[in-house]
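Breakdown of the fold
Residue strings, one per chain:
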Amino acid sequence: MTTGCLLAVLGCLSLAAGAHGYFITVDAHAEECFFEKVTAGTKLGLAFEVAEGGFLDIDIKIYNPEGKTIHEGERESNGRYTFPASMDGVYTYCFSNKMSTMTPKIVMFTMEVGDDTKSEHHAPNAEEGEQAGGNKMEDMIKELSAALSGVKHEQDYMEVRERIHRSINDNTNSRVVMWSVFEALVLVAMTIGQVYYLKQFFEVRRVV
């Protein structure tokens with residue numbers, strides 16, 4: 001039991017170390033690209049959310065080391081893609097806001113680098129039973145880690161959205177207060193002006 005717990009902790013730590021989260025601003029008519037160098041068989045993952053800007057949409061492309069497109073999406077608000085690396089080299093993730101004329105987009109995304117699938121389940125015959133149990137535990141840890149990563153990503157997104165909405169509400173409230181003060185000043189000025197006009201209208205002038 002102690003060995004299993006230690007294996008679970010080490011597995012979670014190793015998987016957590018392979019995840020990188022970012023916040024970026026993609027200007028209008030601009031494109032931002034990120035790179036990940038891995039070996040063939042490595043599991044790659046990308047999860048993203050458009051947190052602010054326009055209609056909350058962005059174009060995304062994923063390229064392999066040869067420059068061929070693995071995935072392409074247009075005007076997507078969020079997504080999650082997982083795939084094994086087909087060859088050694090640098091894989092490229094690009095977020096494009098070229099369709100926007102003037103509105104920048106804020107994108108939150110996570111790049112995950114998993115294990116090499118080719119190196120899994122290679123155990124000596126004498127230890128098949130013990131290794132099978134260990135592999136099953138590792139698979140459960142990986143599934144749990146993926147689920148936790150998804151939950152954390154959603155929590156980060158909701159935190160960003162809550163902060164944005166709070167900022168919008170504070171800004172709107174400030175404008176309402178300023179407009180109310182302006183209206184009060186205008187009302188006072190009009191009242192003083194009317195009183196002065198009526199006073200001049202009813203004033204009796206003496207002719208000498």
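Worth saying up front: this structure is predicted, and the values here are computed from it rather than measured. (Residues numbered from 1 in each chain as written. Predicted model: local features only at pLDDT ≥ 70, side-chain atom pairs only at ≥ 80, totals over all residues. Heavy atoms only, no water.)

**Let's talk about the overall build of the chain**
- If you tally the helices and strands in the chain, you get two helices and eight strands.
- In the chain, the succession of α and β elements from N to C terminus is α-β-β-β-β-β-β-β-β-α.
- Long-range pairs, those at least 24 residues apart, make up 78% of the contacts in the chain with a sequence separation of at least 6.
- When the accessible surface of the chain is split by element, carbon and sulfur atoms take 60% of a total near 14,300 Å². (Helix = DSSP H or I, 4+ residues; strand = E, 2+ residues; numbered from the N terminus. Contact = heavy atoms within 4.5 Å. Areas by Shrake-Rupley, 256 points an atom, 1.4 Å probe, with all protein chains shown as cover.)

**Here we look at the sheet that holds strand β7 (residues 89-96)**
- Within the open sheet, the four strands sit side by side as β2-β7-β4-β5. Their pairing is antiparallel. Looking at the sheet topology across the chains shown, the edges are occupied by β2 (31-38) and β5 (69-76). When strand polarity is set aside, the average angle formed by the axes of neighbouring strands in this sheet is 10°. (Pairing = 2+ DSSP bridges. Axes fitted to C-alpha atoms, helices over the stretch in contact; angles between N-to-C directions.)

**Quick notes on the state of the cysteines**
- Under the counting rule described, the total for this entry stands at one disulfide.
- Between the sulfur of Cys-33 and that of Cys-94 lies a disulfide, 2.0 Å long from S to S. Its torsion about the S-S bond being 110°, the disulfide of Cys-33 and Cys-94 is classed as right-handed. On the criterion of sequence distance, the pair formed by Cys-33 in strand β2 and Cys-94 in strand β7 is long-range, its members being 61 residues apart.
- With relative accessibility at 4%, the residue Cys-94 sits in the buried group. (Disulfide = S-S within 2.5 Å. Buried < 20%, exposed > 50% of the residue type's maximum accessible area, 1.4 Å probe, protein only.)

**Some details on the pairing of β7**
- With respect to burial, β7 is a largely interior element, seven of its eight residues being buried.
- Strand direction decides the pairing type here: β2 and β7, joined by eight bridges, are antiparallel. Residue pairing for β7: Glu-36 is matched across the bridge by Tyr-91.
- Across five bridges, the pairing between strand β4 (residues 58-63) and β7 is antiparallel. Note on β7: the bridge partner recorded for Lys-61 is Cys-94.

**Let's talk about the pattern of salt bridges**
- Applying the stated criterion across every chain yields a total of six salt bridges.
- A salt bridge links Glu-72 to Lys-61, with the nearest nitrogen and oxygen atoms 3.7 Å apart. Of the two residues, Glu-72 sits in strand β5 while Lys-61 sits in strand β4, which places them eleven residues apart along the sequence.
- For Lys-61, a relative accessible area of 30% corresponds to the partly exposed category.
- Among the ionic pairs, Arg-166 bridges to Glu-162, the shortest N-O distance being 2.5 Å. With Arg-166 and Glu-162 both in helix α2 (residues 128-202) and four residues apart, this pair spans about one turn of that helix.
- Assessed through its relative accessible area of 39%, Arg-166 is described here as partly exposed.
- On the basis of relative accessibility, which here comes to 43%, the residue Glu-162 falls in the partly exposed class. (Salt bridge = Lys/Arg side-chain N within 4 Å of Asp/Glu carboxyl O.)

**Looking at the pairing of strand β3 (residues 42-52)**
- With nine of eleven residues buried, β3 is to be regarded as a mostly interior element.
- Sheet topology places β3 next to strand β6 (residues 78-84); seven bridges connect them, and they run antiparallel. If you follow Leu-46 over to β6, its bridge partner there is Tyr-81.

**Focus: unusual backbone geometry**
- Even without a glycine there, the phi angle at His-29 is positive, about 65°.
- Positionally, His-29 belongs in the loop between β1 (19-26) and β2.

**Some thoughts on the packing of aromatic side chains**
- Enumeration according to the criterion identifies eight aromatic pairs in this entry.
- Summarising the aromatic geometry, the rings of Tyr-22 and Phe-109 are spaced 5.2 Å apart at their centres and angled 25° between planes, so their arrangement reads as stacked. Here Tyr-22, found in strand β1, pairs with Phe-109, found in strand β8 (residues 105-116); they are 87 residues apart in sequence, far enough to count as distant.
- Its relative accessible area of 0% is what places Phe-109 among the buried residues.
- Pairwise contacts between aromatic rings join Tyr-22, Phe-34, Phe-48, Tyr-81, Phe-95 and Phe-109 into one cluster. (Phe/Tyr/Trp six-rings, centres within 6.5 Å; stacked < 30°, edge-to-face > 60°.)

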